[in-house]
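Coordinates in review
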Amino acid sequence: MSWVSEVTALNPKLWFRHGEASGDEAAEVGGVTLTYSNGPTYGEPGAVGDADTAMAFTDPQFGQSTADHTLWDAGVFAYTVCSWVKCTSTATEIVYRHGGVSGQINITTSFSTVSMFYDLGLSFGSLATPNTFNFADGDWHFIATVRDGSALSIYIDGAVAATGSGAADPMYTGTGTSNVAGGFGVGPWFEGSIDETVIFDKALTVSELDTLYASISPAPTADALPTSFSGQASWPLAPLPTQFKTSTPSSLSAIPTSFQGTLAVGVSPIPMLLNDQDAPSTMLPTSFSGSKSYGLAALPTQFSTDTAYTVAKLPTQFQGPDPNDYEAGDSKWSLVVSLGAGVELSKLVDSVTIETAENESAICTVVFVPPDGVIDPSTFENQLLSVNYLGIDGAGNPTYAVRRFTGITQTAVYDPDDGTMTVDATTDLQGQLENTTREVIQSIIPGSTWSPHIFDDTNDGYQYALDLLSTVPKEIHVTTWGTMVSVDFGAKSTPDITLTDSNRFNNSLTVDRASRRDLLSQYTINFDFRFSRLRHREISVQFPDSYGFCHYLNNNWQLPSKDMVASAADSTAWSRVTEITYIELPEPGVYCTPQRGWVGGAEDFCLGAYWGAARRFAQTVTEQYTLTVKSPDLEANVGRQDINADYGVEATFDSTDFENVTDFDAAPAGFVVSPKSGDYQKEATDAEFDGRAAMEEAQQIAIAVGEVEILKRARTNTVTVECVYNPSMTLEKTVLIDTPHLTAQGKVKRIRETLSPVAGALEMVVELGLSRHNGSGGVTPTPQDPPAKPDQPQEDVSDRTYYIPYRIGGLPGALPEQDDWDGYFTNVQESLAFPGAATYDQKFVVRMPAISEESRNAQVSLAEQVYEIDVPEDILILRY
Amino acid sequence: MPLIAHVYKDAALTQQFNDSVDVLGASAVNGSFDDGVFYVGTPTAANKIEASSDPGIDTIDVTPNDASPGGGVETTDVKLALTNGGLDAAIGGAALSLGTVINGGAGNAVAVHYRWTNNVGGSVYTEITLDLDARVETLA
């Protein structure tokens, strides 16, 4: 059977043979005439082996039907487009297209891939093969794109090259042009040769395409398959390591004994190592040539745990509402309300209402007649609900669509009196946030900050989001497409939408100005930071030889033993950090006047001593900050309207761990002598959670909270208008209202819309938020930097030398012992004691200096730090 | 299968993209633009996603693709960025790199922000797809 007879037998819808010698081409079947432009080449050798020729094209040559024509009858859900091509360009170009922007089909190819696309108005389908082919080889190739309902497939040279799915709606029944090799828009156009473009209004089977492919003369041949090759072809699927073993072949024909590499088997080249077990020792060919088409092969495999995924082609729907249409007095519109998996509600019986607002869930209510049969309202709950506004032409065909709501149905209530179902759907902003992690919420509100020292760490996700929003001038909502976003709540400088008197209904303008009490001109933050300053104080202890050796010889009191001195030195809360240096007694000899003999031998005793001691303690420091965020403009206008907020951070540190350490002989590492105190010291403010850095961050956040609070309250001026229905109105828009008595520009805060398909009525009420201060403006904002760390106050640096006195009883003037005396207590020889002089028990008492209260606790109050902010002044002009 | 692996409509990775009912939408009058966002990641915290062409080396890209070039919306009308603020400077039609690896868990999901600028007028345009590279999901 020949190509012509095979094609004819399949009853094509439209068939171009491209065999003209010049001029226009009348289709073989279908009654369409193509006009060729820009001089393509006629009479190229054809692809199918008969006398009919082909055409060659280079950019910008193309063919186009002389008139628009319909291609599909009503109720067609399948089609096939096929053609023979020799493509020479790397760019993706049209081989054949029918239709306009809406309702088109096309088959495109580059030299390495083939793709298909069909548009059904509000839905579409598309598919592309991997970039693994080579049409720039000088040979003809047979390409076919097939749609069968929602199943899509592409065939190249009679073999399946790709499969996929697309929209299942019926084909477009409108008119459009047929184009070959380009001619739609601005190019690029096809480069190469095209022959035999055939369109069927049905899905040809693999067998039928195989038959077509093989029907040319001579029959197509493939290159001889290599018997052995190595390497790896590129493919979109992850190369899967596999190992196959065949069973004993039942046929002697054409089973390779062993090869490795890749074998194109249609969809995916799969690397394989085939070992033929128990192959007969004779008769199996080691090489073969020829070709054979394979469908998808279910090959036994052994895979690793990796999971591979092909290219994901995410469908888009870009909607362009037409202001010339929806602002026209005679605009026509329709609604598409879908519930669940694309199920369109066809029996709306009442208004569809949608209300959206900043920081709130959007709510949509739909009333409809449910399908015939038993009703279970729960089946209409927890379903995806979408509402699309359609602009339509006079024939009822949609010209554009705009998504107005995407959410989840919550309640479905059936009214048995009139058989209607009322469904409420919501974007459930609060629920979504409550079930979202904090890190994800923070990614949705960029620029926001949070501190456990400012906010409650036990708050749920929704409150956490509100906490974040209190630090940035943003609001959060779910878009009409169902995506949660945060946007600046300030108006843009250039409006997105302008409403004049012709865009609004009479007597629908309302202006609500913020009252003084609504406004805030000053936000005062009282912030305390408490921490431990670790101190290491060193002191020199001196027990001098106050009286001298001769006085000792003359009065003969008991000398202090070295053991007594050492015991006393080590018995205090201070740690001895040096060895004790004793003032030794002299060598044997003759001393004093009158002369006295000294025989020595008193090495265990001393005349005096000195050593170093130190003590570690923690000083509690409280820094008190007053941070004032203010708007000079608002203050000038409304006076001081302020609120206070109190925060505190205490740097955790267990000072007893520091103070209880007594075994040391030097200052701790990292401590530095402070001129303010004379001590080695270091502040315990390095803790990540509540150290100085965390405190300063909390201060910045507190300042940000103050700023945002002032800005939010300045924006409580509102203008409300009932406007002509504008399907492009969203919470992201800035609107300018320009009427004879009012000019106002602000960001949309709330939209309430009512779409009544039964009554044919549309309503939209829009509320704008306007920021106003009514001051002179021009404020330079103060950076939100935390205040500088305060200097440590100067302390009364206590004496760092401690002198231990002699207390000698029996001398003239010796006083009775006092309880608070320190020193070395001894007495002159009894026979030398002055009558009535006090005497003492021998002892050595050391009373080290106390740590003053100033060194124990310090409070530092810093001067007020003022942060000025610039409040926006949105346009609000009232005039007569 | 209608569910698209690794593509979600929400940052928490709970609403997987279903290409039988979901679209990446934008609505804008002629001369203006509209933005949208979707998220790429895996909710399995122990896993990671890499480009299958050369895991860990090649970047995972999102690329605008036009199934009907020369008419309607062109890829140059579509910008991609990792943040909404980055859309202003993005180049229309350019691929967006999501990095060489996307670690599992919602916190590591990559937000893909897109912007469509309407330069063609009033209608509905569906010929553009945003193509996410072939990828593999493995244990991290």
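Sequence positions are assigned chain by chain, starting from 1 and proceeding in written order. Chain letters start at A and ligand numbers start at 1, both assigned in the order the entries are written. In keeping with the model being predicted, local features are shown solely for residues with a pLDDT of at least 70 and side-chain atom pairs are shown and tallied solely at 80 or more, while totals for entire chains, interfaces and linings include all residues. Side-chain calculation: all heavy atoms of the structure are included, whereas hydrogens and water are not.

**Section: the sheet that holds strand β7 (residues 78-81) of chain B**
Residue and element names in this part refer to chain B. Defined as follows: At least two bridges found by DSSP between two strands is the condition for calling them paired. Helical segments are the DSSP runs of H or I of at least four residues, strand segments are the runs of E of at least two, and each set is numbered from the N terminus. Axis angles are defined between N-to-C directions and span 0 to 180 degrees, where every axis is a line fitted to C-alpha atoms and, for a helix, only to the segment in contact.
Read from one edge of the open sheet, five strands run β2-β1-β4-β10-β7, paired in antiparallel fashion. The sheet is open, and its two edges are formed by β2 (16-18) and β7, each paired on a single side. Taking the axes of each pair of neighbouring strands and ignoring which way they run, one obtains an average angle of 40° across the sheet. Pairing analysis gives eight bridges linking strand β4 (residues 33-40) to strand β10 (residues 110-117), with the strands arranged antiparallel. The partner of Phe 38 across the bridge, within β10, is Val 112.

**Things to note about the pairing of strand β1 (residues 3-8) of chain B**
Residues and elements named next belong to chain B. Operational definition: The classification of residues rests on relative accessible area computed with a 1.4 Å probe and restricted to protein chains. Under 20% of the type maximum is buried, over 50% is exposed, and intermediate values are partly exposed.
Within β1, five of the six residues are buried, which leaves it mostly tucked inside the rest of the structure. By the bridge criterion, two bridges tie β1 to β2 in an arrangement that is antiparallel. Across the sheet, residue Tyr 8 finds its bridge partner in β2, namely Gln 16. Across two bridges, the pairing between β1 and β4 is antiparallel. Counted as the bridge partner of Val 7 is Val 40 from β4.

**Here we look at the packing of aromatic side chains**
Note the threshold: Side-chain rings of Phe, Tyr and Trp (the six-membered ring for Trp) are treated as a pair once their centres are within 6.5 Å; stacked means planes under 30 degrees apart, edge-to-face means over 60, and tilted covers the remaining angles. Think of it as a cone above the ring: NZ of Lys or CZ of Arg counts as a charge over the ring if it is within 6 Å of the ring centre and within 35 degrees of the ring normal.
Per the counting criterion, the structure on display carries 37 aromatic pairs over all chains. Consider the rings of Trp 333 of chain A and Tyr 389 of chain A, whose centres lie 6.1 Å apart with planes at 10°: the pair is stacked. Of this pair, Trp 333 of chain A sits in strand β24 (residues 333-339) while Tyr 389 of chain A is found in strand β28 (residues 384-392), placing the two residues 56 residues apart along the sequence. Both residues of the pair, Trp 333 of chain A and Tyr 389 of chain A, belong to the buried class. Counting every residue linked through ring pairs, the aromatic cluster contains Phe 543, Tyr 547, Phe 549, Tyr 552, Trp 557, Tyr 591, Trp 598, Tyr 806, Tyr 824 and Phe 844 of chain A. Just above the ring of Trp 821 of chain A sits the side chain of Arg 807 of chain A; from NZ or CZ to the centre is 4.2 Å. Note that Arg 115 of chain B overlies the ring of Phe 33 of chain B, its terminal NZ or CZ placed 4.0 Å from the centroid.

**So, the state of the cysteines**
All names here are of chain A. Stated precisely, the cut-off is as follows: Criterion for a disulfide: a pair of cysteine sulfur atoms within 2.5 Å.
Under the defined criterion, the tally for this structure stands at one disulfide over all chains. Cys 550 shares a disulfide with Cys 592; S-S distance 2.1 Å. Judged by the sign of its S-S torsion, about -110°, the cystine formed by Cys 550 and Cys 592 is left-handed. One end of the pair, Cys 550, is in helix α7 (residues 549-555); the other, Cys 592, is in the loop between β38 (589-591) and β39 (596-598), with 42 residues separating them in the sequence. Here Cys 364 is not disulfide-linked; the sulfur of Cys 723 is the nearest cysteine sulfur, at 18 Å.

**Side note on empty space enclosed by the protein**
All names here are of chain A. Keep this limit in mind: Buriedness of a pocket was judged along seven lines, with at least five required to meet protein on both sides within 12 Å; pockets are open sets of points on a 1 Å grid over the protein atoms alone, cavities are sets where a 1.4 Å probe fits but cannot get out, and lining residues have an atom within 4 Å of a point. Grid points are joined across faces, edges and corners, and a volume is the space filled by probe spheres set on the points. When residues are sorted by character, Ala, Val, Leu, Ile, Met, Phe, Trp, Tyr, Cys and Pro go into the nonpolar class, Asp, Glu, Lys and Arg into the charged class, and all the rest, Gly among them, into the polar class.
Under the criterion given, the structure shown has four cavities of 30 Å³ or more. Its boundaries defined by the atoms lining it, the largest cavity holds a volume of some 90 Å³. When contributions to the lining of the largest cavity are tallied by element, the ones reaching two or more residues are β26 (352-357), β31 (474-478) and β46 (742-756). When grouped by side-chain class, the residues that make up the lining of the largest cavity number five nonpolar, five polar and three charged.

**Remarks on the sheet that holds strand β9 (residues 101-103) of chain B**
Two modes of strand pairing occur in sheets, parallel and antiparallel, and in both the strands are linked by backbone hydrogen bonds. Strand order in the open sheet made by the four strands is β22(A)-β13(B)-β5(B)-β9(B), with antiparallel pairing throughout. Edge positions in the sheet fall to β22 (307-309) of chain A together with β9 of chain B, since each has one partner strand and no second. Across the sheet, the axes of successive neighbouring strands diverge by a mean angle of 20°, strand direction being ignored. As defined by bridge partners, strand β5 (residues 47-51) of chain B adjoins strand β13 (residues 135-139) of chain B across five bridges and the pair is classed as antiparallel.

**With respect to the pattern of salt bridges**
All names here are of chain A. Rules: Any carboxyl oxygen of Asp or Glu that lies within 4 Å of a side-chain nitrogen of Lys or Arg is treated as forming a salt bridge with it.
Tallying each qualifying case throughout the model produces 37 salt bridges over all chains. Among the ionic pairs, Glu 635 bridges to Lys 630, the shortest N-O distance being 3.3 Å. Of the residues examined, Glu 635 reaches a relative accessible area of 24% and is grouped as partly exposed.

**Things to note about the side chain of Glu 25 of chain A**
Residue and element names in this part refer to chain A. Convention followed: The charge count includes Lys and Arg as positive and Asp and Glu as negative, but it does not include His or the ends of the chains. Polar contacts, as counted here, are pairs of nitrogen or oxygen atoms within 3.5 Å of one another; within protein the pair requires one atom able to donate a hydrogen and one able to accept it, and residues that are adjacent in sequence qualify only if both atoms are side-chain atoms. A contact between two residues is defined here by any heavy atoms of the two lying within 4.5 Å.
Looking at the secondary structure, you find Glu 25 in strand β2 (residues 25-26). One buried charged residue, Glu 25, forms no salt bridge at all, with the nearest opposite charge on Arg 17 at 7.6 Å. In this structure the side chain of Glu 25 is engaged in a polar contact, spanning 2.5 Å, whose partner is the side chain of Tyr 36. Setting aside chain neighbours within four positions, we find Glu 25 in contact with Phe 16, Arg 17, His 18, Gly 19, Glu 20, Val 32, Thr 33, Leu 34 and Tyr 36.

**Focus on a negative patch on the surface**
Residues and elements named next belong to chain A. So the rule is basically this: For patches, a residue must show more than 30% relative accessible area and have no salt bridge; joins then use 9 Å for like charges and 5 Å for nonpolar side chains, namely Val, Leu, Ile, Met, Phe, Trp and Tyr. For the accessible areas, the method is Shrake-Rupley and the probe is 1.4 Å, while residue cover comes only from the protein chains on display. Each charge is placed at NZ for Lys, CZ for Arg, CG for Asp and CD for Glu.
Residues Asp 563, Glu 587, Glu 603 and Asp 604 make up a contiguous surface patch of negative charge. When you line up the elements, Asp 604 lands in the loop between β39 and β40 (608-630). Its relative accessible area of 56% is what places Asp 604 among the exposed residues.

**Notes on the confidence of the model for chain B**
For the record, the criterion: pLDDT expresses how confident the predictor is about each individual residue, on a scale running from 0 to 100.
Put simply, chain B has an average pLDDT of 94, and 99% of its residues get 70 or more. Overall fold confidence for the complex sits at a pTM of 0.75, while the interface term, ipTM, reaches 0.96.

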